[in-house]
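Observations on the model geometry
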Amino acid sequence: MSKSYLIDMDGVIVRGSELIPGADQFLDRLHRKNIKFLILTNNPLYTPIDLQHRLQRIGISVTVDHLYTSAMATAHFLKNQHPNGTAFMIGESGLSQALHDAGYVLTDRDPDYVVVGETTSLSYERLTQAVRLVSQGARLIATNPDPNGPGEGGLVPACGAITAFIQSATGVEPYFVGKPNALMMRTALRFLGEHSENAIMVGDRMDTDIRVGTEAGLETVLVLTGVTRREMIDRFPYRPTRIVDSVADLEL
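Every residue gets a number counted from 1 within its own chain, in the order that chain's sequence is written. Predicted model: local features are reported for residues with pLDDT of at least 70 only, side-chain atom pairs are reported and counted for 80 or more only, and whole-chain, interface and lining totals are derived from all residues. The basis for every side-chain value is the complete set of non-hydrogen atoms in the structure, without hydrogens or water.

**Section: helix α6 (residues 159-170)**
Residues that lie three or four places apart on an α-helix share one face, since the helix turns once every 3.6 residues. Under the DSSP-based scheme used, a helix requires at least four consecutive residues in state H or I and a strand at least two consecutive residues in state E, with every element numbered from the N terminus. For a helix, the expected span equals 1.5 Å multiplied by the residue count minus one. The terminal C-alpha atoms of α6, which comprises twelve residues, lie 17 Å apart, in line with the 16 Å expected from a rise of 1.5 Å per residue. Within α6, the full set of buried residues consists of Cys159, Gly160, Ile162, Thr163 and Ile166. The buried residues of α6 all sit within an arc of 160° when viewed along its axis, so they share a single face. Should any heavy atoms of two residues lie within 4.5 Å, those residues are considered in contact. For α6, the secondary structure elements touched by its buried residues are β6 (86-90), β8 (113-116), α5 (124-135), β9 (139-142) and β12 (175-176). Following α6 by one or two positions, Gly171 adopts a phi angle in the positive range, close to 75°. The buried label applies to any residue whose accessible area, calculated with a 1.4 Å probe on protein chains only, is under 20% of its type's maximum; exposed applies above 50%, and partly exposed to all values in between. This arc is built from the directions going out from the helix axis to the C-beta atoms.

This is the structure we're talking about:
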C-alpha cells in the first residue's frame with residue numbers, strides 16, 4: 001500500500017507567491033495514484049478556502065480537505081483541552097474561523113486563553129490587552145514559533161516575534177502548537193485518517209519539517225528548493241530519510 005504524504009507548503013510547493021517548478025505535476029501524480037496527502041503550513045493567516053483560492057491562482061488544484069494549518073491544529077488542541085472555552089485572539093480570519101469551528105467564543109472579558117497567531121494589523125492596544133489578560137491568569141497559546149516570514153519587500157515579524165513581546169512583558173512562557181511540535185503532526189494524521197508508520201513528511205527545513213517528522217515517527221524527505229542547502233544537513237543531529245532536489249524528483 002502506498003504511503004500517505006504530509007507536505008510542507010512554503011519552500012516545497014510554493015516559494016512566496018510563485019509555484020515551485022514541477023510541484024503541480026507532483027500533486028497531479030498523487031491524485032492519479034489515489035494517494036492521500038495533506039499540504040501543511042505553519043501560517044495561520046488564511047482559512048482553507050482562502051488557501052485553496054490562492055493555490056488555484058498559480059495552477060494548483062486541491063480541495064480544502066487537502067489543506068491543514070497551524071490555526072486548525074491550535075483549535076483542535078484547545079477543543080480537546082478545554083471544550084467550549086473562551087479566548088482573546090491576536091490574529092486573522094484563518095485563526096478566528098478555526099476557533100469558532102472548535103466551539104470557542106472570542107472575548108476580552110476573562111478569557112480562558114490568549115491565542116496568538118500572525119496578523120497584518122497588530123496594534124499596541126491589542127498587545128497591551130493580551131499582556132494584561134495573561135498577567136491576570138489567561139493561559140498563553142500560540143499557533144507557531146516562527147519569528148519571521150516572507151512578505152512583500154522582505155521579512156515580516158511573525159507569530160514567534162509577537163508572542164515574545166507578551167512573554168517578555170509577563171514572564172509567562174507560551175505553548176506553541178505548530179511545527180516543530182509533533183502535536184501538529186499527530187493532529188494532521190488524524191485529520192487525514194492515517195498512521196505515522198504509513199506516512200511521509202516532505203519539507204524544506206531541517207529544524208522544523210525534518211525534526212517534527214522524525215519525532216513523530218514518519219519517514220522524512222528533505223527537498224532543496226527552500227531554505228536548506230545540502231551542506232547544512234550535517235549540522236543537525238538527525239537526518240532525513242531521503243534528500244531530493246525538488247518534489248518534482250520524488251518517486252512515488
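Alright, that's what it looks like, and here's the rest.
**Looking at the sheet that holds β9**
The strands that make up a sheet are held in pairs by hydrogen bonds between backbone atoms, and each pair lies either parallel or antiparallel. Spatially, five strands are ordered β7-β6-β8-β9-β12 in an open sheet, and the strand pairing comes out parallel. Sheet topology places β7 (105-106) and β12 at the edges, where each strand pairs with a single neighbour. Relative to β7, β6 runs parallel, the two being bridged by two bridges. Within the sheet, the bridge partner assigned to Thr86 lies in β7 and is Val105. Strands in contact with α5 are β6, β8 and β9; relative to β6, the strand with the most contacts, it is inclined by about 145°. Strands pair, by our definition, only if DSSP identifies at least two bridges between them. For helices, the axis comes from a line fit to the C-alpha atoms of the stretch in contact; other axes are also lines fit to C-alpha atoms, and the angle between any two N-to-C directions lies between 0 and 180 degrees.

**So, the nonpolar core**
Nonpolar cores are built from buried Ala, Val, Leu, Ile, Met, Phe, Trp, Tyr and Cys residues. Side-chain atoms within 4.5 Å join them into one set. Grouped together as the largest cluster of nonpolar side chains are 33 residues, with contacts concentrated most on Leu6, Leu40, Tyr68, Leu78 and Leu99. Among the elements of the structure, β4 (37-41), α3 (70-81), β6, α4 (93-101), β8, α7 (182-192) and β13 (199-203) are those that each provide at least two residues to this core. Per element, the largest residue contribution to this core is seven residues, and it comes from α7. In this view, Leu99 contacts Ala75, Leu78, Met89, Tyr104, Leu106 and Val115; residues no more than four positions away in its chain are not counted. Listed in part, the 26 residues of the second largest apolar core include Val14, Val221, Val244 and Val247.

**Here we look at the packing of aromatic side chains**
For any two aromatic rings, the description comes down to two numbers: the centre-to-centre distance and the angle of the planes. Classification of ring pairs rests on two measures: the distance between centres of Phe, Tyr or Trp rings, Trp counted by its six-membered ring, which must be within 6.5 Å, and the angle between planes, read as stacked under 30 degrees, edge-to-face over 60 and tilted in between. Going through the model one piece at a time under the given rule, you end up with five aromatic pairs. Here Tyr5 and Phe26 contribute two aromatic rings whose centre-to-centre distance is 6.0 Å and whose plane-to-plane angle is 80°, an arrangement assigned as edge-to-face. Taken as a pair, Tyr5 in strand β1 (residues 4-8) and Phe26 in helix α1 (residues 23-32) lie far apart in primary sequence, 21 residues in all. Looking at Phe26, the relative accessible area reads 0%, which means it is buried. Between Tyr68 and Phe191, the ring centres sit 5.1 Å apart and the planes meet at 45°, which makes this aromatic pair tilted. Highlighted residues: Tyr68 in strand β5 (residues 67-69) and Phe191 in helix α7, separated in sequence by 123 residues. A residue is classified by how much of its surface remains accessible, and Tyr68, at 2% relative accessible area, is buried. In this structure Phe191 comes out as partly exposed when scored by relative accessible area, which is 40%.

**Observations regarding the pairing of β9**
Bridge count for β8 against β9 is four bridges, and the pairing is parallel. Bridge assignment links Val116 to a residue of β9, and that residue is Ala142. A clockwise path from the first strand over the helix to the second, with the strands pointing away from the viewer, defines a right-handed crossover. As for the winding sense of the linkage, the β-α-β connection from β8 through α5 to β9 is right-handed. Sheet topology places β9 next to β12; two bridges connect them, and they run parallel. Across the sheet, residue Ile141 finds its bridge partner in β12, namely Tyr175.

**Details of the packing of α3 against α4**
Put simply, α3 and α4 touch, their axes get as near as 8 Å, and they point 30° apart. Considering the angle they form, α3 stands roughly parallel to α4. Where α3 crosses over α4, the two elements pack in a sense that is right-handed. Residue-level inspection shows Ala71, Met72, Ala75 and Leu78 of α3 in contact with α4, the latter providing Gly94, Leu95, Ala98 and Leu99. Charged residues are taken to be Asp, Glu, Lys and Arg, nonpolar residues to be Ala, Val, Leu, Ile, Met, Phe, Trp, Tyr, Cys and Pro, and polar residues to be all remaining types, Gly included. The class makeup of the residues in the contact of α3 with α4 is seven nonpolar, one polar and no charged. Comment on the angle field: the value is read as roughly parallel under 35 degrees, roughly antiparallel over 145, roughly perpendicular from 65 to 115, and oblique elsewhere. Crossing chirality is assigned from the near helix's rotation relative to the far helix, an anticlockwise turn below a right angle marking it left-handed and a clockwise turn marking it right-handed.

**Points about the side chain of Thr225**
Turning to its location among the elements, Thr225 is positioned in the loop between β14 (219-223) and β15 (242-244). Judged by relative accessible area, which is 12%, Thr225 ranks as buried. In terms of polar contacts, Thr225 uses its side chain to reach the backbone carbonyl oxygen of Gly11, at 2.6 Å. Think of a polar contact as two N or O atoms within 3.5 Å of one another; within protein, one of them needs to be a possible hydrogen donor and the other a possible acceptor, and neighboring residues in sequence only count if both atoms come from side chains.

**Here's the deal with the pattern of salt bridges**
Side-chain pairs of opposite charge can arise whenever the charged atoms involved come near each other. Any Lys or Arg side-chain nitrogen located within 4 Å of an Asp or Glu carboxyl oxygen qualifies as a salt bridge. As enumerated under the stated definition, the model contains eleven salt bridges in all. Of the charged contacts in the structure, one is a salt bridge between Lys3 and Glu219, with a shortest N-O distance of 3.2 Å. Of this pair, Lys3 sits in the segment before β1 while Glu219 sits in strand β14, and the two are 216 residues apart along the sequence. Judged by its relative accessible area of 28%, Lys3 falls in the partly exposed class. Between Asp234 and Arg239 there is a salt bridge, with its nearest N and O atoms 2.7 Å apart.

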